[in-house]
Every structure is written in C-alpha cells, then in structure tokens.
Amino acid sequence: MIVGERKPMQEILDMIADHKKIFIAGCGTCVAVCMAGGDKEVSILSSAIKMARNKENKPIEILEQTPLRQCEWEFVDELKDKIEACEAVLSMACGIGVQTLVERFPKVIVYPAVNTTFLGLPEEQGVWSERCGACGNCVLDKTGGICPIVRCSKSLLNGPCGGSQDGKCEVDPEVDCAWQLIYDRLKTLGKLDDLTEILPPKDWSTGRDGGPRKIVREDMKL
Amino acid sequence: MIKVPCSGKIESIHIMRALEEGDGVVIYACHKEACQFLRGNLRAEARLAYIKNILKEISIEEERVQMYYLSPSNGVKFTRTLSTFYEDLKSLGPNAGRAEE
C-alpha cells in the first residue's frame, strides 16, 4: 500500500492561512490503513486547525468527508457539493488523491496535507516500512522475493557493498542488509546457485528514468 | 466527567474535541500494571503523547492535557490530583484555541 504521514502542522497552517472555509478530504484506503489520512486523522487535523486558528483570532469553518478512495473519479464525485461550498480543499490522501481532485475539479485549489512517503507494509501496528520502488521491472524472482532496489540503501543489484557488517547496513545499523537477507533466503530455499546467474543491466526505462508511466488495456476499455 | 470502560477506549479525537470546547482535559487511568485489558492505559498514555505533540505544533500549552494513574478506590488521590490540575489550568488561563461561544 501507499504509506504517508501528515505534514507538519505549521506547513499546513501556512497553506490555508488566507482561507476562511475549507474542506478536508480524507481517503479511506491506503492512508487510512497507515493512519495518516483516514476518517480519524481528518477529524484530528480539523480540530487542530480550528484551535490554531482560534488562537490567532482567525476562526475557520471546516467541512470534512472521507470517501472510500480519493484516487478514482466515481468516489471523488461524491465530494462535489462540499468542494464547491469551500474556498479550498486540504487533501489527506496520497499525491495521487490530490491530483485526482485537481483533475476532476480544475477550478478548485487543492493543498496536500500528507507527505506521500513510500510503498510498503505495516510490519506491526504503528510501524511501516518500504518494500517496493515501483520500478516497473520486478526482479523479486531473482532475489528470493526480497527487493534490493528499496531494501538495499544503495539499490545495489549485484550483491552487498563492502559496508555490510553482521547482516546490517552501514547506512543505518538498524536496517538489515538486503543482500544478506537475499543470501539467507536463497540458502534456505536451496537456490544459492541462482546468484551465479549473469544478468544483463537492469532496464530502468520502465522506472522513473522513462518519464511518466501509463498502462493502457484496450480489452478493458468501455 | 465522561466514564469509559477503559482509558484505552479514549481516542485522540475525543481529547481534541474536548479541548476545542474547554480549557483542559484530564484522564484517569488504572495503574500501569493493573489494566484488566492488559494494555489499555498504555495505549491511552501513547495517545496522550501524540496529542501533546500536536498541541505543541499549534502552540497550545500541552499542560492542558494530563493523565493520572490511580486505583478505583483512591478517592483521596483523585480529589488531590483534580484540584492540582484545576489550579494548574487556572494559572494557564483560558484556552486560546477554544471556540468562542
């Protein structure tokens, strides 16, 4: 899922400083699961903004709603009335949600209240970590299901660097060395020989190096 | 005073909404080792820390929210801590973030 975290309050307050009535739009999918922009976080942010503005003697009116997803037209269409009733929208979705609102409601100012951080999983309640770099050319079949692109601090594709110590990364000793994890896993699977395979350089044109990406499925079009 | 089955039932938004309309919030929880739901009071403590951080970010005195641990039968400590909290709030003055009536 997409993982994010709320921006610092001061940054949010600065964005909406000139507005007297705003709409806070949450998202009930990824950012709700990572507790950054779901229903509860919308309410808490709304409350904090109201208090901050009361303190400055500049009270603000805030409408709130959290659609199931902020990244699909049919769900953001539900927000139309509230969006049109306000001067600006503060989106607590990921960057995709923000841009969905911008594209659907071109005349409306939309501010991001969340920093979209990475694609990852909840390791445990309250702890999220990165697992996928969305490179568009998955290598997990070669690396025992462990992504060296995001789990190796240097995104190395040909084994550990010289800084790997006792299975930990030299960049952050709290982080496991991805290549140690890959080696251990392939060893457990009895597939260490896979590491001797000579692979061509990775094609990064499917990643960010190839510009904005798009998938078109003619068979799925209406 | 709002009774809840366990301090762990108190959500962050409950504290924020109360602060929007009041000068302070005090939470009474069971002693840390004595939660019959095991971690309820620890959850409340973590949520309180989260709220205090938000208050700090918006420059509202974080002392406006407090938490005390006491056993259900300790009326003396309840009265004493509530009086202390009340006096502390009086010295802080009205909550500037409170909505005007």
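For every chain, the first residue of its written sequence is number 1, and the numbers climb from 1 along that sequence. Written order decides the labels, with chains lettered from A and ligands numbered from 1. Under the rules for a predicted model, residues below a pLDDT of 70 receive no local features and side-chain atom pairs below 80 are neither given nor counted, while totals for whole chains, interfaces and linings still include all residues.

Q: Explain the overall build of chain B to me, and be specific about the residues and the numbers.
A: The helix and strand tally for chain B stands at 3 helices and 2 strands. Under the scheme used here, helices are H or I runs from DSSP no shorter than 4 residues and strands are E runs no shorter than 2 residues, and both carry numbers assigned from the N terminus. The linear arrangement of helices and strands in chain B, starting from the amino end, is α-β-α-β-α. The atom set for the radius of gyration is the C-alpha atoms, and the globule formula is 2.2 Å times the number of residues raised to the power 0.38. Taking 13 Å as the expected radius of gyration for a compact globule of 101 residues, we find that chain B reaches 14 Å, a close match to that expectation. Along the three orthogonal principal directions, the C-alpha set of chain B runs to about 40 × 25 × 20 Å. Partly exposed residues are those falling between the two cut-offs: more than 12 but fewer than 20 other C-beta atoms within 10 Å of their own, whereas 20 or more means buried and 12 or fewer means exposed, with C-beta atoms placed from the backbone. The proportion of buried residues among the 101 residues of chain B is 25%.

Q: Which residues make up the sheet that holds strand 3 (residues 61-65) of chain A, and what are the values?
A: All names here are of chain A. On the basis of which strands lie adjacent, the open sheet formed by 4 strands has the order 3-2-4-5 and parallel pairing. Of all the strands in the sheet, the pair left with one neighbour each is strand 3 and strand 5 (109-112). Taken pair by pair, the neighbouring strands of this sheet meet at an average axis angle of 25°, ignoring direction. In this scheme, strands are said to pair when DSSP sees at least two bridges between them. In terms of strand pairing, strand 2 (residues 21-25) meets strand 4 (residues 88-91) through 4 bridges, oriented parallel. Bridge pairing links Ile 22 to Ala 88 in strand 4. What counts as a contact here is a pair of residues whose C-beta atoms, placed from the backbone, lie within 7 Å. Think of each axis as a best-fit line through the C-alpha atoms, taken over the contacting stretch in the case of a helix, with angles from 0 to 180 degrees between the N-to-C directions. Relative to the sheet, helix 3 (residues 39-55) contacts strand 2 and strand 3, its axis offset from that of strand 3 by approximately 175°. Against the sheet, helix 6 (residues 95-104) touches strand 2, strand 4 and strand 5, its axis set at about 175° to strand 5.

Q: An account of helix 3 of chain A is requested, with residue identities and associated values reported.
A: All names here are of chain A. An expected span of 1.5 Å times one less than the residue number is assigned to each helix. For helix 3, spanning 17 residues, the distance from its first C-alpha to its last is 25 Å, which sits close to the expected 24 Å at 1.5 Å a residue. Among the 17 residues that make up helix 3, 14 are buried, leaving the element largely enclosed by the rest of the structure. Residue Asn 57 follows helix 3 closely and has a positive phi angle near 60°.

Q: For the interface of chain A and chain B, give the residues involved together with the corresponding values.
A: Often the size quoted for an interface is simply the accessible area lost on bringing the parts together. Contacts between the two partners involve 13 residues from chain A, matched on the other side by 16 residues from chain B. The set of elements that each furnish at least two residues to the side of chain A that touches chain B consists of helix 1 (9-15) and helix 3 of chain A. For the side of chain A that touches chain B, the element with the most residues is helix 3 of chain A, which contributes 10 residues. A class-by-class count of the residues in the side of chain A that touches chain B yields 6 nonpolar, 4 polar and 3 charged. Three categories are distinguished: nonpolar for Ala, Val, Leu, Ile, Met, Phe, Trp, Tyr, Cys and Pro, charged for Asp, Glu, Lys and Arg, and polar for the others, with Gly belonging to the last.

Q: Which residues make up the environment of Arg 151 of chain A, and what values do they have?
A: Residue and element names in this part refer to chain A. Here Arg 151 lies in helix 7 (residues 148-151). Sequence separation between Arg 151 and Trp 179 is 28 residues; the distance between their C-alpha atoms is 8.6 Å. In this structure, Arg 151 is in contact with Ile 146 and Ala 178, ignoring residues within four places of it in sequence.

Q: Could you give me a rundown of the sheet that holds strand 1 (residues 2-6) of chain A, with the residues and numbers involved?
A: All names here are of chain A. Spatial ordering of the open sheet is given by 1-6-7, a layout of 3 strands whose pairing is antiparallel. The sheet is open, and its two edges are formed by strand 1 and strand 7 (127-132), each paired on a single side. Taken pair by pair, the neighbouring strands of this sheet meet at an average axis angle of 70°, ignoring direction. Pairing of strand 1 with strand 6 (residues 114-124) involves 5 bridges; the strand directions are antiparallel. Pairing of Val 3 across the sheet is with Phe 118, part of strand 6.

Q: Give a detailed account of the environment of Asn 95 of chain B, specifying residues and quantitative values.
A: Residue and element names in this part refer to chain B. In this structure, Asn 95 sits in the segment after helix 3 (75-92). Sequence separation between Asn 95 and Glu 61 is 34 residues, and the spatial gap between their C-alpha atoms is 8.3 Å. Residue contacts for Asn 95: discarding those within four places in its chain leaves Leu 19, Gly 22, Asp 23, Ile 60 and Arg 64.

Q: Got a sec to walk through helix 8 (residues 178-188) of chain A? Specific residues and values, please.
A: Residue and element names in this part refer to chain A. Among all positions of helix 8, only Ala 178, Trp 179, Ile 182 and Tyr 183 are buried. Looking down the long axis of helix 8, one finds its buried residues gathered within 135° of arc, a one-sided arrangement. Looking at helix 8, the residues exposed on the side facing more than 90 degrees away from the buried face are Lys 187 and Thr 188. Residues of helix 8 that are buried sit in contact with helix 7. The first or second residue beyond helix 8 is Gly 190, which carries a positive phi of 70°. The arc under discussion is defined with respect to the helix axis, by the directions toward the C-beta atoms.

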